[in-house]
Amino acid sequence: MLKNYMEDAIDHLMPSVLQNYPEICKCDKCTLDIKAIALNGLKPMYTVTTNGSVYLKINELNNQFKIDIINEIMKAIEIVSKNPRHS
């Protein structure tokens, strides 16, 4: 199974980042837009094996790795909050 580990990393970090933005919409469409925009700003990290997943989990402990993901999530929140696609 081919997996972009960055999706898991964003899923893990996004809820805590969103808590810092109580005023923004958190409907499914907006949160998916935030995730998509953040993913587009990050280098994909694909894994196929369990060993690859373990390596990427270890990399997640790296502070710069987390900071980069959080920064992309914050940029995406700003974009979506200014241009929500829902009515």
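Located above this text is the structure these notes cover.
None of the values given here were measured: they were computed from a predicted structure. (Residues numbered from 1 in each chain as written. Predicted model: local features only at pLDDT ≥ 70, side-chain atom pairs only at ≥ 80, totals over all residues. Heavy atoms only, no water.)

**Considerations on the overall build of the protein chain**
Just so we agree on the cut-off: The numbering of helices and of strands both runs from the N terminus, where a helix is a DSSP run of H or I of at least 4 residues and a strand a run of E of at least 2. Throughout, exposure labels follow a simple rule: accessible area from a 1.4 Å probe, protein chains only, divided by the maximum for the residue type, with under 20% read as buried, over 50% as exposed, and the rest as partly exposed. Contacts between residues were defined by any pair of non-hydrogen atoms, one from each residue, lying within 4.5 Å. Throughout, the Shrake-Rupley method with a 1.4 Å probe supplies accessible areas, and for residues the shown protein chains are the sole cover considered.
Each helix and strand counted, the protein chain has four helices and two strands in total. Along the protein chain, from the amino end to the carboxyl end, the secondary structure elements read β-α-α-β-α-α. Here the protein chain holds 87 residues, and 36% of them are scored as buried. The contacts in the protein chain between residues at least 6 apart in sequence include a share of 83% that link residues at least 24 apart. Taken as a whole, the protein chain presents about 5800 Å² of accessible surface, with 55% of it coming from carbon and sulfur.

**Some thoughts on the pattern of salt bridges**
Selection rule: By definition, a salt bridge exists where a carboxyl oxygen of Asp or Glu is found within 4 Å of a side-chain nitrogen of Lys or Arg.
Following the criterion strictly, the structure yields four salt bridges and no others. In this structure, Lys 3 engages Asp 8 in a salt bridge whose closest nitrogen and oxygen atoms are separated by 3.2 Å. Judged by its relative accessible area of 31%, Asp 8 falls in the partly exposed class. A salt bridge links Lys 35 to Asp 11, with the shortest nitrogen-to-oxygen separation between them at 2.9 Å. Of this pair, Lys 35 sits in helix 2 (residues 28-40) while Asp 11 sits in helix 1 (residues 5-18); the two residues are 24 residues apart in sequence, bridging distant segments of the chain.

**Things to note about the packing of helix 2 against helix 4 (residues 63-82)**
For clarity, the threshold we go by: Throughout, an axis means a line fitted to C-alpha atoms (over the contacting stretch in the case of helices), and angles, computed between N-to-C directions, take values from 0 to 180 degrees. Note that the term roughly parallel is reserved for angles under 35 degrees, roughly antiparallel for angles over 145, roughly perpendicular for angles of 65 to 115, and oblique for everything else. Working rule for handedness: look at the near helix, and if it is turned counterclockwise from the far one by less than a right angle, call the crossing left-handed; if clockwise, right-handed. Residues are sorted three ways: Asp, Glu, Lys and Arg are charged, Ala, Val, Leu, Ile, Met, Phe, Trp, Tyr, Cys and Pro are nonpolar, and all the rest, Gly among them, are polar.
Where helix 2 contacts helix 4, the two axes come as close as 8 Å, and the packing angle between them is 130°. Classed by the angle they form, the pair helix 2 and helix 4 counts as oblique. Between helix 2 and helix 4 lies a crossing of right-handed hand. Across the interface between the two elements, Cys 30, Asp 33, Ile 34, Ile 37 and Ala 38 from helix 2 touch Glu 72, Ile 73, Ala 76, Ile 77, Ile 79 and Val 80 from helix 4. Residues belonging to the contact of helix 2 with helix 4 are distributed by class as follows: nine nonpolar, no polar and two charged.

**Quick look at the side chain of Asp 33**
Relative to the helices and strands, Asp 33 resides in helix 2. Under the relative-accessibility criterion, Asp 33 is labelled buried at 15%. Setting aside residues up to four positions removed in sequence, Asp 33 forms contacts with Val 80 and Arg 85.

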